[in-house]
2 protein chains.
Amino acid sequence: MNVHINTERLLSRIDQLGRIGALPGGGCKRLALSAEDAEGRALVTGWFRTLGLEIHTDVIGNTWAIRRGRKHLPPLVLGSHIDTVATGGLYDGVLGVLGGLEVIESVIDAGIDTEYPLAVAFFTNEEGARFAPDMMGSGVSQGGLELGEMLGKVGIDGKSVGDALDAIGARGSEPVGALTPSAYLELHIEQGPVLESECLEIGVVTGVQGISWTEFTISGRSSHAGTTPMALRRDAGAVAAAIATEARAIARDFGPPQVATVGRMSFTPDLVNVVPEQAVLTVDLRHTDEATLKAAEKRLFETAEELASAEGCTLARQTLARFEPVAFDTDLVDQIVSGAVRLGLSHRKMPSGAGHDAQMFAPNCPSAMIFVPSQGGISHNIHEFTAPEDLANGVRLLAEVALERACVVQPEGQTA
Amino acid sequence: MNVHINTERLLSRIDQLGRIGALPGGGCKRLALSAEDAEGRALVTGWFRTLGLEIHTDVIGNTWAIRRGRKHLPPLVLGSHIDTVATGGLYDGVLGVLGGLEVIESVIDAGIDTEYPLAVAFFTNEEGARFAPDMMGSGVSQGGLELGEMLGKVGIDGKSVGDALDAIGARGSEPVGALTPSAYLELHIEQGPVLESECLEIGVVTGVQGISWTEFTISGRSSHAGTTPMALRRDAGAVAAAIATEARAIARDFGPPQVATVGRMSFTPDLVNVVPEQAVLTVDLRHTDEATLKAAEKRLFETAEELASAEGCTLARQTLARFEPVAFDTDLVDQIVSGAVRLGLSHRKMPSGAGHDAQMFAPNCPSAMIFVPSQGGISHNIHEFTAPEDLANGVRLLAEVALERACVVQPEGQTA
């Protein structure tokens, strides 16, 4: 299916969008529903309009643009987001939206018609950097999150989602559920080091890891580091360190794709010669299989209790976040693999370690994702970078799968 | 040797001194050479004067008061300090000074003469809470610290020791080395839980633990907690937790009196879902034997290097403090034990886990210490408390040993 991806056009658009909210050292800041986000929405919607696409915006600001198909069918949606974290890069989310746009423009350029409509979409507040939770727009659109509750969510600046939508005029008229894709495809940077370290061009994403975030607060007794024998201590810090070491051991014993991260740790009173009376740490566990993730949680929680109890400390545990794993559509995943083979792109199947809009579509329609390499595995960082040829590979594969999925209408006199 | 310790008088003086710099919830704050310290010095020196003692103050503000002996011999010194930490209690240091004063007053009351002069002393800036290092006055007096260097030390408020001495008029005329005790005895609260937990009245202190403070800074690479496989991580936090756990293991494997404390711990960037790129922790190791302390350091440092290296992290190590252990005079220690036996006081020999002025005298004259229980092992805290009977027991034993050591002159017509 000979569509020609115009890499220059793609790069130029990424660059233009990246100038909105540009940060001094590189990267950019376009928090959801901010003035910069509004400017970004206007730029991208302008491109949609120029192509003559049919533009829709729903009640939480999700925007999609449809190129009609030959048949009146639900569209194949190519989407992602254009909001960023406070110190974001140029590619996270943006690639999926501008890559989807590039696919549609290339299809138009090539004069190709499809049975299914093709749509490109961006969803409100995927990052969750201004308003929690993340993946808010796609979640509301697909019924995973409740509209009224989300409109009332208050951001880091004290403003609600509803007020922020109105402030930038991003609240549309399409109701929740208006977007009903026949399938959903999202091209994204990996945001991790796997593809680069294995010298691969494409990640075929089989699903999204389940996430379990737990905060442990250990309470012991502060005492003098010199005068208190070990046997008489109730050292909250020692328990925290042992729990962190146990989290590591769980990841080692369970093996990949189990990951475990202790990202936060603090001691009170935090003095060299005082046994800590309190320690707080967080453990982030992720796995693609819910039963395994539960087993990891069980071992962590039980061991933490034992460690605290053995030291004469008390343990409080708070769940900060918990998402079950999402499995993407196996047929669509296989189609991506086949497409990569046809295009001669080196690839592997892999789970996504981060959350994405695609997981909100997975319960409702066949959904899957394509990853391209992130240099150094770096993301949510102004130094986020993906090489132009990798960006182009991703968009070529997106086009390949999209056209197969949307059923190209063969020109008269030709056969498939 | 029938001297009568006046417990009411002792308690009253502790109370009066504790009102100077009193804190709202209890305890007090008399930082070294502060206005409160000046007021405390004046109160205590006034008591010295009332007893007709011969008062001396040296160039760094150490003050001692001598009751002449029958012979022109160096004095037996009963000393400690009256400065406190910012949230100090009523007993730390104060007991040794006011207990020494009570011994001398009781001896005077009893009309007893001694061959050796008896002296009571307080030393400048034992706590080190305003000016580092601690034990400054006793250190300068006994040659362990250099006067000029110490006078130039700048405190937490930007003022030098020399300026602070002059500001409160505490700089005296006696030169360094003017105080040359025949022996040095210090009564002090334990500041730890051992005596209370073993239901003992007296700790006979055999020496001061050696102290080794090390700060480790581990540098790794920050990465995404979801997208970075364990094998590709350089997790500074995991290394820090493993070093903390190793410190615990060293204390366990070496056994008492080895202690190990990780009092400070911090991660950067300290976010739930980001692998820490940097972690800083401190390890406080203490032991009464220098060779063992060195062995503990060696194991800690080598293991820390191995742990960092295995994770692909770099390790920087900084020594924050290092003091060799001090052994007190065995004859004097035995005299304290004998005195406790005569008085029917339950007791045990034990090392001091904290630093004290006595260790500065140990190289120059027979020195030792007597501990009394600290309720809950709590010290450097406004809730520091020692029961009146325990205070009195300590002073009775101090008098017992002091009179034996200073050689009571038997009244005519009596024999020993």
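What you see is a predicted model, and the numbers here were worked out from it, not measured in a lab.

Chemist: Outline empty space enclosed by the protein, supporting the account with residue identities and numerical values.
Modeler: Counted under the stated rule, the structure contains 5 cavities of 30 Å³ or more. Forming the boundary of the largest cavity are A:Ala244, A:Ala247, A:Arg248, A:Ala260, A:Thr261, A:Val262, B:Asp235 and B:Ala238. Those elements that place two or more of their residues in the lining of the largest cavity are helix H8 (236-254) and strand S10 (259-261) of chain A. Of the residues forming the lining of the largest cavity, the biggest block, 3 residues, is contributed by H8(A). Here the lining of the largest cavity is composed, by residue class, of 5 nonpolar, 1 polar and 2 charged.

Chemist: Could you give me a rundown of the pairing of strand S13 (residues 278-287) of chain A, with the residues and numbers involved?
Modeler: Two faces belong to every sheet, and in a regular strand the side chains alternate between them. All names here are of chain A. Judged by how many residues are buried, S13 sits mostly within the fold: 8 of 10 residues are covered. Pairing of S10 with S13, which is carried by 3 bridges, proceeds in the antiparallel orientation. Paired with Thr261 across the two strands is Asp284, which belongs to S13. Pairing analysis gives 4 bridges linking strand S11 (residues 265-268) to S13, with the strands arranged antiparallel. If you follow Thr268 over to S13, its bridge partner there is Gln278.

Chemist: How would you sum up helix H2 (residues 35-50) of chain A? Please name residues and give values.
Modeler: Residue and element names in this part refer to chain A. Here H2 is 16 residues long and its end C-alpha atoms lie 23 Å apart, about the 22 Å a rise of 1.5 Å per residue gives. Residues Asp37, Gly40, Arg41, Val44, Thr45, Trp47 and Phe48 constitute the buried set of H2. Down the axis of H2, the smallest arc covering the buried residues is 150 degrees, so these residues share one side. Of the exposed residues in H2, the ones pointing more than 90 degrees away from its buried face are Ala35, Ala42, Arg49 and Thr50. At its buried positions, H2 is contacted by helix H1 (7-18), strand S1 (54-57), strand S2 (63-67), helix H3 (94-109) and strand S5 (118-122).

Chemist: Please set out the state of the cysteines residue by residue, giving values where relevant.
Modeler: Residue and element names in this part refer to chain B. This model, assessed by the stated rule, comprises 0 disulfides over all chains. Of all cysteine sulfurs in the structure, the one in Cys365 sits closest to Cys407, which takes part in no disulfide; the separation is 15 Å. The class of Cys407 is partly exposed, set by a relative accessible area of 32%.

Chemist: Run through the relation of the copies chain A and chain B, naming residues and quoting values.
Modeler: You can overlay chain A on chain B at an RMSD of 0.1 Å; the transform is a turn of 180 degrees with a shift of 0.0 Å along its axis. Those values place the two copies in the arrangement expected of a two-fold rotation axis. Taking C-alpha positions as reference, the residue of chain A nearest the rotation axis is A:Ala241, located at 2.3 Å. A shared binding surface is used by both copies, with 100% of the interface residues of chain A retained as interface residues in chain B.

Chemist: So what's going on with the pattern of salt bridges? Which residues, and what values?
Modeler: A side chain with one charge may pair with a side chain of the opposite charge, provided their charged atoms come close. For the structure on display, the rule yields 54 salt bridges over all chains. Of the charged contacts in the structure, one is a salt bridge between A:Arg322 and A:Glu297, with a shortest N-O distance of 2.7 Å. A residue pair is termed long-range when its members are at least 10 positions apart, and A:Arg322 in strand S14 (residues 314-323) and A:Glu297 in helix H9 (residues 290-310) qualify at 25 residues. Its relative accessible area of 10% is what places A:Glu297 among the buried residues. Put simply, B:Arg9 and B:Glu105 hold a salt bridge, and the shortest N to O gap is 3.2 Å. Remark: B:Glu105 occurs in helix H3 (residues 94-109) and B:Arg9 occurs in helix H1 (residues 7-18); sequence separation between them is 96 residues. For the pair shown, B:Arg9 and B:Glu105 are each scored as buried. Shared partners join several salt bridges into a network, and the residues in it are A:Arg9, A:Arg13, A:Glu102, A:Glu105 and A:Asp109.

Chemist: Which residues make up the domain arrangement of chain A, and what values go with them?
Modeler: All names here are of chain A. When cut into domains, chain A gives domain 1 (7-208 + 326-409) and domain 2 (210-323). The gap between the C-alpha centroids of domain 1 and domain 2 is 37 Å. Summing both partners gives a buried area of about 350 Å² for domain 1 against domain 2, and 58% of it is carried by carbon and sulfur. When residues of domain 1 are sorted by the area they lose upon contact with domain 2, Val208, Pro351 and Gly353 head the list and together hold 65% of the total. Where domain 1 meets domain 2, there are 0 salt bridges. Joining domain 1 to domain 2, the criterion identifies 1 residue pair in polar contact (both at pLDDT 80 or more).

Thresholds, definitions, all that
- Residues numbered from 1 in each chain as written.
- Chains lettered and ligands numbered in written order.
- Predicted model: local features only at pLDDT ≥ 70, side-chain atom pairs only at ≥ 80, totals over all residues.
- Heavy atoms only, no water.
- 1 Å grid on protein atoms, 1.4 Å probe; cavity = no way out; pocket = protein on both sides within 12 Å on 5 of 7 lines; lining within 4 Å.
- Points joined across faces, edges and corners; volume = space filled by probe spheres on them.
- Helix = DSSP H or I, 4+ residues; strand = E, 2+ residues; numbered from the N terminus.
- Nonpolar A, V, L, I, M, F, W, Y, C, P; charged D, E, K, R; others polar.
- Buried < 20%, exposed > 50% of the residue type's maximum accessible area, 1.4 Å probe, protein only.
- Pairing = 2+ DSSP bridges.
- Expected span 1.5 Å × (residues − 1).
- Arc of directions from axis to C-beta.
- Contact = heavy atoms within 4.5 Å.
- Disulfide = S-S within 2.5 Å.
- Least-squares fit on C-alpha atoms with pLDDT ≥ 70 in both.
- Salt bridge = Lys/Arg side-chain N within 4 Å of Asp/Glu carboxyl O.
- Domains from an automatic or database assignment.
- Buried area = accessible area lost by both parts, 1.4 Å probe.
- Polar contact = N/O pair within 3.5 Å; in protein donor to acceptor, adjacent residues only side chain to side chain.

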